[in-house]
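Below are the chains, spelled out letter by letter.
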Amino acid sequence: DTAVSQTPKYLVTQMGNDKSIKCEQNLGHDTMYWYKQDSKKFLKIMFSYNNKELIINETVPNRFSPKSPDKAHLNLHINSLELGDSAVYFCASSQYPLFNEQFFGPGTRLTVL
Amino acid sequence: SQKIEQNSEALNIQEGKTATLTCNYTNYSPAYLQWYRQDPGRGPVFLLLIRENEKEKRKERLKVTFDTTLKQSLFHITASQPADSATYLCALDRGNAGNNRKLIWGLGTSLAVNP
């Protein structure tokens, strides 16, 4: 059983396109996250949802829009993709509060050409 | 500015030895510190969490210390094995008091255990 799953695993697209990444967790957690890991391997939080409510929204361009239809799902939609968006995007989940251990998905490697 | 530093150089050790990884931080007062392992092409995997009022935590061959005076955590793997080769990340909580204390991550230290 996969605890945190993401689709797709790889995403290659042209600049200017719009794309979505989906995430699902079956751990019963109430908090989910999106992280970006760049080429230098720096892991930076982008968003966090608790019980479908946005609680962390870092200084991320508004081309990035998360959506949480329910506690088990957190999707990330990216408009007008730019070269600098190329990175690995990780979804994670945890019990609330946020300092609890986090469970990560396998990552989505996004390449913008 | 707030900063987390981990050994920037990769650590190479011989199988059976103890690996010691360092996590230093400045301008934080974290209440919790976590260590994760990340293998190439995969997401981080949680290893240990230590609270500010705990000096040391152990789990099998792993040991973590947390010195809030030195602003440092040490992560030890005893009797290391080639399968321990990975990148190890430390993460600290920060933010306002309360439950929305998000994690801030170090860049990680790459460990290679040679047979």
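The structure we're discussing is the one just above.
(A) Summary view of the layout of surface pockets. Estimates place the volume of the largest pocket at around 500 Å³. Considering the residues around the largest pocket, the lining is formed by 30 residues, among which Gln37(A), Lys41(A), Arg109(A), Gln38(B) and Gly41(B) are closest to the centre. Taken together, the elements giving at least two residues each to the lining of the largest pocket come down to β9 (87-94) and β11 (108-112) of chain A together with β9 (86-94) and β11 (109-114) of chain B. Here the residues of the lining of the largest pocket sort into 11 nonpolar, 12 polar and seven charged. When its volume is computed, the second largest pocket comes out at roughly 310 Å³. The wall of the second largest pocket is formed by 15 residues, among which Phe104(A), Gly105(A), Gly43(B), Pro44(B) and Val45(B) lie closest to the centre.

(B) Fine view of the interface of chain B and chain A. In this assembly, 19 residues from chain B lie in contact with 22 residues from chain A. Summed over the shared surface of chain B and chain A, the result is one salt bridge. For Glu58(A), the salt bridge identified is with Lys102(B), shortest N-O distance 2.6 Å. Our enumeration of links across chain B and chain A arrives at seven residue pairs in polar contact (both at pLDDT 80 or more).

(C) Layout of the nonpolar core. Residues and elements named next belong to chain B. Of all hydrophobic cores here, the largest spans 24 residues; its most connected members are Ile-4, Trp-35, Phe-75, Ile-77, Tyr-88 and Leu-111. Those elements that place two or more of their residues in this core are β3 (19-26), β4 (32-38), β5 (45-51), β7 (62-67), β8 (72-77), β9 and β11. In contact with Ile-4, other than residues within four places in its own chain, are Cys-23, Asn-24, Tyr-25, Tyr-28, Cys-90, Leu-92, Ile-104, Trp-105 and Gly-106.

(D) Up close: the environment of Asn26(A). Residues and elements named next belong to chain A. Structurally, Asn-26 is set in the loop between β3 (19-25) and β4 (31-37). Assessed through its relative accessible area of 46%, Asn-26 is described here as partly exposed. Sequence separation of Asn-26 and Val-88 is 62 residues, and the distance between their C-alpha atoms is 22 Å.

(E) Spatial organisation of the sheet that holds strand β1 (residues 4-7) of chain A. Residues and elements named next belong to chain A. Strand order in the open sheet formed by four strands is β1-β3-β8-β7, and the pairing between neighbours is antiparallel. Each of the sheet's edge strands pairs with one partner strand only, and the pair in question is β1 and β7 (64-70). Averaged over all pairs of adjacent strands, the angle between strand axes in this sheet comes to 20 degrees, irrespective of strand direction. Both β7 and strand β8 (residues 73-78) contribute to a ladder of five bridges, which runs antiparallel. What sits directly across from Ser-65, in β8, is His-77.

(F) Layout of unusual backbone geometry. Residue and element names in this part refer to chain A. Pro-8 follows Thr-7 through a cis peptide bond whose omega is -5 degrees. For Pro-8, the position within the fold is in the loop between β1 and β2 (10-13). Look at Asn-51: it is not a glycine, yet its phi comes out positive at around 50 degrees. Of note, Asn-51 is situated in the loop between β5 (43-50) and β6 (53-57). Assessed through its relative accessible area of 41%, Asn-51 is described here as partly exposed. The residue Lys-52 is not glycine, and still its phi comes out positive at about 70 degrees. Position of Lys-52 relative to the elements: it lies in the loop between β5 and β6. By relative accessible area, Lys-52 is classed as partly exposed at 47%.

(G) Structural context of the state of the cysteines. For the structure on display, the rule yields two disulfides over all chains. Each sulfur of the disulfide joining Cys23(A) and Cys91(A) lies 1.8 Å from the other. Taking the sign of the S-S torsion, about -75 degrees here, the bridge from Cys23(A) to Cys91(A) comes out left-handed. Linking Cys23(A) in strand β3 with Cys91(A) in strand β9, this pair joins segments that are 68 residues apart in sequence. Accessibility classification places Cys23(A) together with Cys91(A) in one group, the buried group. Shown here is the disulfide that connects Cys23(B) with Cys90(B), its sulfur atoms set 1.9 Å apart. The chirality of the disulfide connecting Cys23(B) with Cys90(B) is right-handed, given an S-S dihedral of about 60 degrees. Remark: Cys90(B) occurs in strand β9 and Cys23(B) occurs in strand β3; sequence separation between them is 67 residues. The two residues Cys23(B) and Cys90(B) agree in class, both being buried.

Rules behind the numbers
Residues numbered from 1 in each chain as written. Chains lettered and ligands numbered in written order. Predicted model: local features only at pLDDT ≥ 70, side-chain atom pairs only at ≥ 80, totals over all residues. Heavy atoms only, no water. 1 Å grid on protein atoms, 1.4 Å probe; cavity = no way out; pocket = protein on both sides within 12 Å on 5 of 7 lines; lining within 4 Å. Points joined across faces, edges and corners; volume = space filled by probe spheres on them. Helix = DSSP H or I, 4+ residues; strand = E, 2+ residues; numbered from the N terminus. Nonpolar A, V, L, I, M, F, W, Y, C, P; charged D, E, K, R; others polar. Contact = heavy atoms within 4.5 Å. Salt bridge = Lys/Arg side-chain N within 4 Å of Asp/Glu carboxyl O. Polar contact = N/O pair within 3.5 Å; in protein donor to acceptor, adjacent residues only side chain to side chain. Core = buried A, V, L, I, M, F, W, Y, C linked by side-chain atoms within 4.5 Å. Buried < 20%, exposed > 50% of the residue type's maximum accessible area, 1.4 Å probe, protein only. Pairing = 2+ DSSP bridges. Axes fitted to C-alpha atoms, helices over the stretch in contact; angles between N-to-C directions. Disulfide = S-S within 2.5 Å.

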